[in-house]
Amino acid sequence: MLLAEVRQEIADACRTLQERGLVVGTAGNISVRVDDLVAISPSGVDYPGLTADDVGVHRLDGSPVEAPLKPSSEFPLHLAVYAERDVAAIVHTHGVPSSALSTVVDAVPTSHYYSALFGGQVRVAPYARFGSDALAANVLEALRDRTGALMAHHGAVTLGPSLAKALDLVAYLEYICDLQLRALATGLPVRTLSTEEIEGVVADLAGYGQQR
Ligand SMILES: [Zn+2]
């Protein structure tokens, strides 16, 4: 089977999203790019029974290579991102904190320094119908110089150099959205960090971690 390992990782990651409450039912989708091929979760298949065979492999123009099922309805969004960005994985979720916050702000306020994990303040892509080219364009624009974005009245998307990194970012994104919602719920003004401070953290994070 073509890209067998990657397809299994995607199937497993879909189940992880469901277990963590980041998707309801068959919502959400995951893709991984390997050279000129994209493996993406299928449309409308229950995650508990999802197998590597169900995860299709397509070319970057969307044409199928080894895909027994219809790809996720957000395939146009995934293809639009791969056409513009040098990333290896995309995760789209319907987490409650990000979806809720997407209905009240145009960008996630920088109330926590984790905004820097996404390259700066996380934007909210304007609403467009699911699966549409308009939604793909809106999200691509919101993702400019960022590794995550919210999708108004819908959910969120993260990008990474690997599936593991993109999945990690999902957790951080839901965390800062949850934090902001709780702060807003106090009714008190929510204080935020300056753009300069966030940019400083972005620079620091670039050199953070174990160096071997
Ligand atoms: Zn969706």
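Scope of this entry: the structure provided in the associated data block. Since we're looking at a predicted model, the values are computed, not measured. (Residues numbered from 1 in each chain as written. Predicted model: local features only at pLDDT ≥ 70, side-chain atom pairs only at ≥ 80, totals over all residues.)

Here we look at unusual backbone geometry
Backbone phi values are negative for most residues with the exception of glycine, while trans is the configuration of most peptide bonds. A positive phi angle, near 55°, is found at Asp35, a position not held by glycine. Counting through the fold element by element, Asp35 comes out in the loop between strand 1 (29-34) and strand 2 (37-40). The phi dihedral of His153 is positive, around 60°, even though this residue is not glycine. Note that His153 resides in the loop between strand 7 (148-151) and strand 8 (155-160). (Helix = DSSP H or I, 4+ residues; strand = E, 2+ residues; numbered from the N terminus.)

Observations regarding the environment of Ile30
Relative to the helices and strands, Ile30 is located in strand 1. C-alpha separation for the pair Ile30 and Val157, spaced 127 residues apart in sequence, amounts to 9.6 Å.

Re the nonpolar core
Counting 55 residues, the largest nonpolar core has Ile10, Ala39, Val139, Ala149 and Leu150 as the members making the most contacts within it. In terms of residue count, helix 5 (residues 163-185) provides more of this core than any other element does, eight residues in total. With near-sequence residues (within four places) excluded, Ala39 lies in contact with Leu3, Val6, Arg7, Ile10, Ser31, Val32, Val55, Gly56 and Val57. (Core = buried A, V, L, I, M, F, W, Y, C linked by C-beta atoms within 7 Å. Buried ≥ 20, exposed ≤ 12 C-beta atoms within 10 Å, placed from the backbone. Contact = placed C-beta atoms within 7 Å.)

With respect to the pairing of strand 3 (residues 56-59)
Pairing of strand 2 with strand 3 involves four bridges; the strand directions are antiparallel. From the neighbouring strand, Val38 faces strand 3, where its bridge partner is His58. As paired elements, strand 3 and strand 4 (residues 64-66) share two bridges and run antiparallel to each other. Counterpart to His58 in the pairing with strand 4 is Pro64. Between strand 3 and strand 4, which pair antiparallel one after the other, the connecting turn spans four residues, and Gly62 there sits at a positive phi close to 95°. (Pairing = 2+ DSSP bridges.)

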